[in-house]
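Letter by letter, the chains look like this.
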Amino acid sequence: MIRWAIVMGVVAACVGYLVYSASGGASEYYVTVSELRSHQPASGDVRVAGVVQDDIQRSNGGLHVRFTEKDGTASVVVDYTGTLPDIFKPGITVVAEGRLGADGVFHARAVLAKCPSRFSTTSYTQ
Amino acid sequence: MTLAFLGAGSLLAGLVMAVFSALLSFWAGRTENGVMIQVGRRAFYATAAMIFIASALLETALVTHDFSLAYVTEHTDLSTPIALVAAGFYGGQEGSLLYWALILSILGSASLLASSRLGPRLAAYAAGIMAAIASFFLVVLVLVASPFDVLAITPPDGLGLNPVLRDGGMLIHPPVVLAGFAAFAIPFSFAAAALLAGRFDAAWIAHTRRFALVAWGLQSAGLLLGMWWAYHVLGWGGYWGWDPVENVAFMPWLATTAYLHSSQVQERRGRLRAWNFGLVILAFLLVVFGTFIVRSGIVPSVHTFAVSPIGPWFLGFLGVCLVFSIGVLAWRSGGLHSSGEPAPAVSREGAFALQNLLLIGVIAVVFWGTMLPLVSGLVGQERVVSASYYERASGPLFAAILALMAAGPLIPWRHAGVPFWRSLTWPAATWALVLAILLVAGVRGLPALIGVPLAAAVASTVVYEYARAIGRWRRAGGGWPRAVALLARRRRRYGAYLAHLGLAVVVVGLAASHFWQQEKDVTLQTGQQVTVAGYTLTFAGAETRELADHSELVAAMTLGGQTLEPARATYAGLGGQSLTHVAISSSPIADLYVVLAGTNSDGSASFRIFVNPLVSWIWSGGAIIIVGVVLGNAGRRRAVGEPVAVSVPSAVGAS
């Protein structure tokens, strides 16, 4: 019984330490576009969710893209290099992961799209 | 129209039957009224029949394109291939709940049919619990999410399926995952029934062993198929993103894996009783929790499922299951002392216990990462963890589990003597050899240097166990045929070893494709070449093809004599939604994975190219796991009872 409790305690302590140490550098804040300008954390990436506006500029065969992301009233220009999710188009909600640069442009490391809700394309009954 | 009424009617009849069966079974079990126990059980079979009829009607409505049903209109159209139309049964919210209920009631009926040896009380309570779970699903199906709702005006065509889902993966991944989850309700029901009936022996474990193994096999296959599908369709070069929807499917698998091992300790040695009850309950609660997370959208996910009215219902169900399970466990905790003698730390029992703790640790890591946005959002700024959190926090735990897998099968029950320490030379030598090869080959990444040699050691232990058994039996006379026959007789054990081997192969594939992936973005003119990790590709030109409901931009890339055709489809009818078609050239060494980003006005095209080493090992390892599960499960079941209680009274409880 005591031995079992000791082993449990040791494993629990290890797990606790791993969770603590791993979440330190790997957690990111969710911010709104207006919060982004006022208090971006000093280091690390943030995630900003917003709706893609219809000013998408693609270059380099679609590998480089610049668009405006709007949430409520505030908006920010997002700059991203890489392949975009298939459903990326004006009007959808995306989550951009990255940092706001000194140039006032949000440099995204990744752009995630919210999947189309459900199996169907739109709801017929609503 | 008639069909919709019949369907809704059979769901309602099923609900009445299920509630009746639940109430009657509990009452009859309590009073040990044999006739009423039979009636309660038959009412459960009748529930299963009603659910089956409703399912058959929904499937009929789908394949006959009966657009008077809202469900059929929202999920299919006339141009969708018929196999995908049929898959619409489990593709939508309402249908997937019906599918869950269908699997639960069929497997539940099968588990009750063979339950005569368990004694009337336990079987009656189990029927009652399964009927109660079925009642919950039927209430939701009847009141909030009916697949048989009729539209006021019948449209000429349906809305169809999102192009992302128009894929063969849709036919197989969702039903397997859902069936794996639903199947775990059976061990849960019998465990809770055993607690209610005060039967703390291993009878419920032996009775539901097959269902637990089937649930585990389906969940494993479902997870791997989901990875396979994501890899082939989504075009980001990977297969696992630690998204909440993936995590909540992964956690029940971890708990089920732990249970499959710890239940053997109770069957063989009569120990870990309370722990096993707890694990089964945990696994089932995680299943319900996952369904709630996926349906409610309370944590941010790339997969947003509709934030639907059934979320609160599942939260309520989760609460009821939690209170009921913990209440019963606490009520019976006094009788749960283990009967077996305590074992020394270095023994099979000890290895299983440690493996269980490590798996619970991984569950804790994943759970914390999944719930952090919610928890941090309640106390302040919402935070999310990235994939590296999961890798750094769970990686060391997985390494420890792999090390245990390498040594575990060699450790005897009760006590490990000199032969065990000697047999460890095999996995240890393999580990050292593979590590040396990697170091000589110039590999310096620590995670890969830890993971790959350990996986090799796991595989070598399995090979050693097989070789040792076959050698012993051949020497005993009878030669090869007799050795094979004996292996087949102990298929539960050797099937499990095969699953270990498959997992080792999967781990090598995961490690290699994760740590040694190479990636390159290029823009090429026709005739230009690009080389990634030794693969030279030539861009031969791009063209646009007009198809029935979409247009496709196809690029041709030649690789030696082979032509790869990455493409982008655009669906004008769906607001210009585009869909990537990844081109993959697969070999046992590496996959060349080419994604077309688009074309430029000067005729050049841009690509993202990945080289993913050993990805095919993941899928073949998965196949080995499934073969192991099927072999271990095939044929007649051998009855295994509780081991004879040791006369020395033990004050050491497992809890």
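None of these values were measured; they are calculated from a predicted model.

Peer 1: Just to check I follow, could you spell out the pairing of strand 7 (residues 105–113) of chain A for this structure?
Peer 2: Residue and element names in this part refer to chain A. One ladder, built from 4 bridges, connects strand 5 (residues 74–81) with strand 7; its direction is parallel. Each bridged residue has a counterpart across the sheet, and for Tyr80 the counterpart in strand 7 is Ala108. Relative to strand 7, strand 6 (residues 93–100) is paired through 7 bridges, and the arrangement is antiparallel. Opposite Ala96, over in strand 7, you have Val111 as the bridge partner.

Peer 1: How do you make sense of the pairing of strand 5 of chain A when you look at a structure like this?
Peer 2: Residue and element names in this part refer to chain A. Alignment of strand 4 (residues 64–71) against strand 5, held across 8 bridges, turns out to be antiparallel. Opposite Thr68, over in strand 5, you have Val77 as the bridge partner. Counting the residues between successive antiparallel strands, the hairpin from strand 4 to strand 5 contains 2 residues, one of them, Gly72, with a positive phi of roughly 65°.

Peer 1: What exactly am I supposed to notice about the sheet that holds strand 11 (residues 605–613) of chain B here?
Peer 2: Two pairing modes exist for strands in a sheet, parallel and antiparallel, and in both the strands are linked by backbone hydrogen bonds. Residue and element names in this part refer to chain B. As summarised here, the arrangement of the 4 strands in space is 2-11-10-9, forming an open sheet in which the pairing is antiparallel. The two strands at the open ends of the sheet, each matched to only one other strand, are strand 2 (518–524) and strand 9 (583–586). Looking at each pair of strands side by side, their axes are set apart by 15° on average, direction ignored. Bridge count for strand 9 against strand 10 (residues 590–599) is 4 bridges, and the pairing is antiparallel. Pairing of Ser585 across the sheet is with Leu592, part of strand 10.

Peer 1: When you look at the confidence of the model for chain B in this model, what are you seeing that I'm missing?
Peer 2: Low-pLDDT portions of the prediction should not be read for the details of their coordinates. Residue and element names in this part refer to chain B. On average, chain B scores 86 in pLDDT, and the residues at 70 or more come to 93%. Here helix 18 (residues 479–489) stands out as the element of chain B with the lowest mean pLDDT, 78, in contrast to helix 2 (residues 34–63), whose mean of 94 is the highest. Residue range residues 638–655 is modelled with pLDDT below 50. Its contacts to residues more than four positions away, or to other chains, number 32 contacts. Taken together, the chains of this predicted complex give a pTM of 0.89 and an interface ipTM of 0.80.

Reading guide: rules and limits
For every chain, the first residue of the written sequence is number 1, and numbering continues from 1 onward in sequence order. Key to labels: chains lettered from A, ligands numbered from 1, both in the order written. Reporting in this predicted model follows two pLDDT cut-offs: at least 70 for local features of residues, and 80 or more for side-chain atom pairs to be given and counted; totals over whole chains, interfaces and linings ignore these cut-offs and use all residues. For two strands to be treated as a pair, DSSP must find no fewer than two bridges joining them. Helix and strand assignments follow DSSP, with helices taken as H or I runs no shorter than four residues and strands as E runs no shorter than two, numbered in order from the N terminus. Comment: axis = line fitted to C-alpha atoms, over the contacting stretch for helices; angle = value between 0 and 180 degrees taken between N-to-C directions. Every residue carries a pLDDT, the predictor's confidence in it, which falls somewhere between 0 and 100. Our contact criterion uses C-beta atoms placed from the backbone: two residues qualify when those atoms are within 7 Å.

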